[in-house]
Amino acid sequence: MRNTDEHALQAEFDRRVAAEEKIEPTDWMPDDYRKNLIRQMSQHAHSEIIGMQPEGNWITRAPSLRRKAILLAKVQDEGGHGLYLYSATETLGITRSEMIEALQTRKAKYASIFNYPTLTWADIGAVGWLVDGAAIVNQIALQRTSYGPYARAMIRICKEESFHQRQGYELMLEMAKGSPQQKQMAQDALNRFWWPSLMMFGPHDGDSAHSSKSMQWKIKRESNDTLRQRFIDQTVPQIEVLGLEMPDPEIKWNETRGHYDSGEINWDEFYKVINGNGPCNHQRIKHHVKAHQDGEWVREAVRAYRAKQARKKDERAA
Amino acid sequence: MPQQEHLAVYEVFVRSARGLDHKHVGSLHAESPEHALMYARDCYLRRSEGISVWVVKASDVTASQGDDVADFVEPMDDKDYRHATHYVLPESVKNM
Ligand SMILES: [Fe+2]
Ligand SMILES: [Fe+2]
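Note that the structure is predicted; figures quoted are calculated from it, not measured.

So, how was this worked out
Residues numbered from 1 in each chain as written. Chains lettered and ligands numbered in written order. Predicted model: local features only at pLDDT ≥ 70, side-chain atom pairs only at ≥ 80, totals over all residues. Heavy atoms only, no water. Helix = DSSP H or I, 4+ residues; strand = E, 2+ residues; numbered from the N terminus. Buried < 20%, exposed > 50% of the residue type's maximum accessible area, 1.4 Å probe, protein only. Contact = heavy atoms within 4.5 Å. Phe/Tyr/Trp six-rings, centres within 6.5 Å; stacked < 30°, edge-to-face > 60°. Donors = N, O, S within 2.8 Å, 3.2 Å for Na, K, Ca; no water. Expected span 1.5 Å × (residues − 1). Bend = angle between axes of the 7 residues up to and from the residue. Polar contact = N/O pair within 3.5 Å; in protein donor to acceptor, adjacent residues only side chain to side chain. Pairing = 2+ DSSP bridges. Patch = residues over 30% accessible without salt bridge, like charges linked within 9 Å, V, L, I, M, F, W, Y side chains within 5 Å. Areas by Shrake-Rupley, 256 points an atom, 1.4 Å probe, with all protein chains shown as cover. Salt bridge = Lys/Arg side-chain N within 4 Å of Asp/Glu carboxyl O. 1 Å grid on protein atoms, 1.4 Å probe; cavity = no way out; pocket = protein on both sides within 12 Å on 5 of 7 lines; lining within 4 Å. Points joined across faces, edges and corners; volume = space filled by probe spheres on them. Nonpolar A, V, L, I, M, F, W, Y, C, P; charged D, E, K, R; others polar. Buried area = accessible area lost by both parts, 1.4 Å probe.

Asks: Explain the overall build of chain A here, please?
Replies: Looking only at helices and strands, chain A has 13 helices and two strands in total. Each of the three principal axes of chain A carries a C-alpha extent, and together these read 75 × 50 × 35 Å. Here chain A, with 318 residues, has 51% of them falling under the buried criterion. Expressed as a percentage of contacts within chain A between residues at least 6 apart in sequence, the contacts between residues at least 24 apart total 76%.

Quick look at the structure:
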């Protein structure tokens, strides 16, 4: 009896996914679908939060009040994106503290790009332009993901992302058209952030551990390589407008494919960084733990206030 | 004649289709949340307007105050740089 029930539920789930109907939190869903979503969505949330660090690094040293206000606003947005995504993930039955615990004990991953340092002011331009640019390509595709709360969070986030990339590109443009030293800084930032940005899309389609199931469930809507190619195709002309050199000598328009060809990614580096041995992995987690501990007094105050309000209410009722 | 008792007001939110947000559609009076849900169905969903309904006791909604709303949102008004249109880019960079 139970078996037939499960069968019917599975059939209904499959039908919904096939018909492009969203799955909502109260719907039945296969355990693996739930697990896969929790993994991907919490990883996405962690990326927004950890991603505040490399940019936050430059807030106090922004070269003008305008640039400082812009950077503050952007980092604030990323914090908000983390919150949207944590809340959406919580609809799947995992708590915020479980997710934070998984991040801090390295059971959960985050985008490897944030394990690279932001060494110069030009890096802030490169991050907005390339890293947010790559994230946007990915997130636009995810607006059509099959899980309702995730899709709605993506729509909200994409709306807010629109200024992130433009402020980064504007910054790069100023540097690239500035003094020879500024132009050199812009080139250097592009060279260092190009490859890690391409790695943001994950392994090649054939090597991606979670891809085929995620595509079948429509959690992921387009393959890693498709999204990466789209990013390359839209970014190469933007490099030309900046008047900078290509960060990869193999970048070349391919008339037959109708796409840019490009060189192979250093996958050893990708796996090294993903597995915890990038330039800043240790520092990022250490900082997250410290910030979390330093914030404990705020959470304590919240709990104390709640208890006091409850007591007052009891007294009034008595 | 017995004094007419005032029933609680419930705000009604309807999800018109899978994948969309619940949207506020109106309110009604009811003697319990369960009844509010039935009344909401009878009142707001007579023509398959939705596939999911939330009812929330109006007194449980904490809302911004009408008169103070200008002060409440004022800090956001002069932050033009939060908008993509603030950044003027060359024509050749399309759709960024
Ligand atoms: Fe973001
Ligand atoms: Fe962003």
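Asks: Help me understand the packing of aromatic side chains in this model?
Replies: Residue and element names in this part refer to chain A. If you walk through the whole model with that rule in mind, you get 11 aromatic pairs over all chains. Plain terms: the ring middles of Phe-13 and Trp-28 are 6.3 Å apart, the flat faces sit at 85° to each other, and that makes the pair edge-to-face. Here Phe-13 is found in helix 1 (residues 2-18), whereas its partner Trp-28 is found in the loop between helix 1 and helix 2 (31-50), with 15 residues between them in sequence. A relative accessible area of 27% means that Trp-28 is categorised as partly exposed.

Asks: What is the right way to read the coordination of the iron ion (ligand 1) from this model?
Replies: Geometry sets the ideal angles at a metal, namely 109.5 degrees for four tetrahedral donors and 90 or 180 degrees for six octahedral donors. All names here are of chain A. Protein ligation of the iron ion (ligand 1) involves Glu-48 (OE), Glu-78 (OE), His-81 (ND1) and Glu-161 (OE), the donor distances falling in the range 2.1 to 2.5 Å. One chain supplies every donor to the iron ion (ligand 1), and in sequence these donors are spaced E-x29-E-x2-H-x79-E. If you look at the iron ion (ligand 1) and the iron ion (ligand 2), they sit 3.4 Å from each other and are both ligated by Glu-78. Residue Glu-48 is found in helix 2, and its partner Glu-78 is found in helix 4 (residues 65-90); the two are separated by 30 residues along the sequence. We note that Glu-48, like Glu-78, is buried.

Asks: For this particular structure, what's the right way to read the coordination of the iron ion (ligand 2)?
Replies: Distances from the iron ion (ligand 2) to its protein donors, Glu78(A) (OE), Asp132(A) (OD), Glu161(A) (OE), Glu161(A) (OE) and His164(A) (ND1), fall within 2.0 to 2.8 Å. Ordering the donors of the iron ion (ligand 2) by residue number gives the pattern E-x53-D-x28-E-x2-H.

Asks: Can you help me understand helix 6 (residues 121-142) of chain A in this one?
Replies: Owing to its 3.6 residues per turn, the α-helix brings residues three or four apart onto one side. Residue and element names in this part refer to chain A. Compared with an ideal rise of 1.5 Å per residue, which puts 22 residues at 32 Å, helix 6 spans 31 Å between its outermost C-alpha atoms and is within 8% of the ideal. Along helix 6, the largest kink reaches about 35° and is centred on Val-127. For helix 6, the buried fraction is high: 20 of the 22 residues fall into the buried class. Where helix 6 begins, the side chain of Thr-120 points an oxygen toward the backbone nitrogen of Ala-122, at a separation of 3.2 Å.

Asks: When you look at the pairing of strand 1 (residues 8-15) of chain B in this model, what are you seeing that I'm missing?
Replies: The side chains of a regular strand alternate, first on one face of the sheet and then on the other. Direction of pairing for strand 1 of chain B relative to strand 2 (residues 23-30) of chain B: antiparallel, over a ladder of seven bridges. Bridge assignment links Val9(B) to a residue of strand 2 of chain B, and that residue is His29(B).

Asks: Before we go on, may I ask you to explain helix 10 (residues 224-242) of chain A in this structure?
Replies: For helix 10 of chain A, with 19 residues, the first-to-last C-alpha span of 27 Å sits near the 27 Å given by 1.5 Å per residue. Positive phi shows up at Gly243(A), right after helix 10 of chain A, with a value of about 75°.

Asks: Would you mind going over a nonpolar patch on the surface with me for this structure?
Replies: Residues and elements named next belong to chain A. On the surface, a nonpolar cluster with roughly 340 Å² of combined accessible area is contributed by Trp-297, Val-298 and Val-302. Examined against the element boundaries, Trp-297 turns out to sit in helix 13 (residues 296-317). For Trp-297, a relative accessible area of 61% puts it in the exposed group.

Asks: Even after reading the chapter, I still don't get the layout of surface pockets, so can you show me in this structure?
Replies: If a probe as big as a water molecule is rolled over the atoms, it shows which places are left empty. If you add up the space inside the largest pocket, you get close to 1000 Å³. Mapped onto the lining of the largest pocket, the elements with two or more residues apiece are helix 2, helix 4, helix 6, helix 7 (148-176), helix 9 (211-216), helix 10 and helix 11 (267-277) of chain A. By residue number, the principal contributor to the lining of the largest pocket is helix 6 of chain A, which donates nine residues. In terms of residue class, the lining of the largest pocket is made up of 19 nonpolar, 14 polar and 12 charged. Along the wall of the second largest pocket there are 18 residues; nearest its centre are Gln234(A), Gln238(A), Lys94(B), Asn95(B) and Met96(B). Mapped onto the lining of the second largest pocket, the elements with two or more residues apiece are helix 6, helix 7 and helix 10 of chain A. Taken together, the residues that form the lining of the second largest pocket break down as seven nonpolar, eight polar and three charged.

Asks: Would you mind showing me how to read the interface of chain B and chain A here?
Replies: The accessible area lost on association of the parts is a frequent measure of interface size. On the side of chain A, 25 residues touch chain B, which itself brings 17 residues to the contact. Carbon and sulfur atoms supply 56% of the area that chain B and chain A bury against each other, a total of about 1900 Å² over both sides. Looking at the side of chain B facing chain A, the largest losses of area belong to Arg18(B), Tyr87(B) and Met96(B), adding up to 40% of the total buried there. Taken together, the links from chain B to chain A amount to five salt bridges. Seen at the junction of chain B and chain A, the total is 13 residue pairs in polar contact (both at pLDDT 80 or more).

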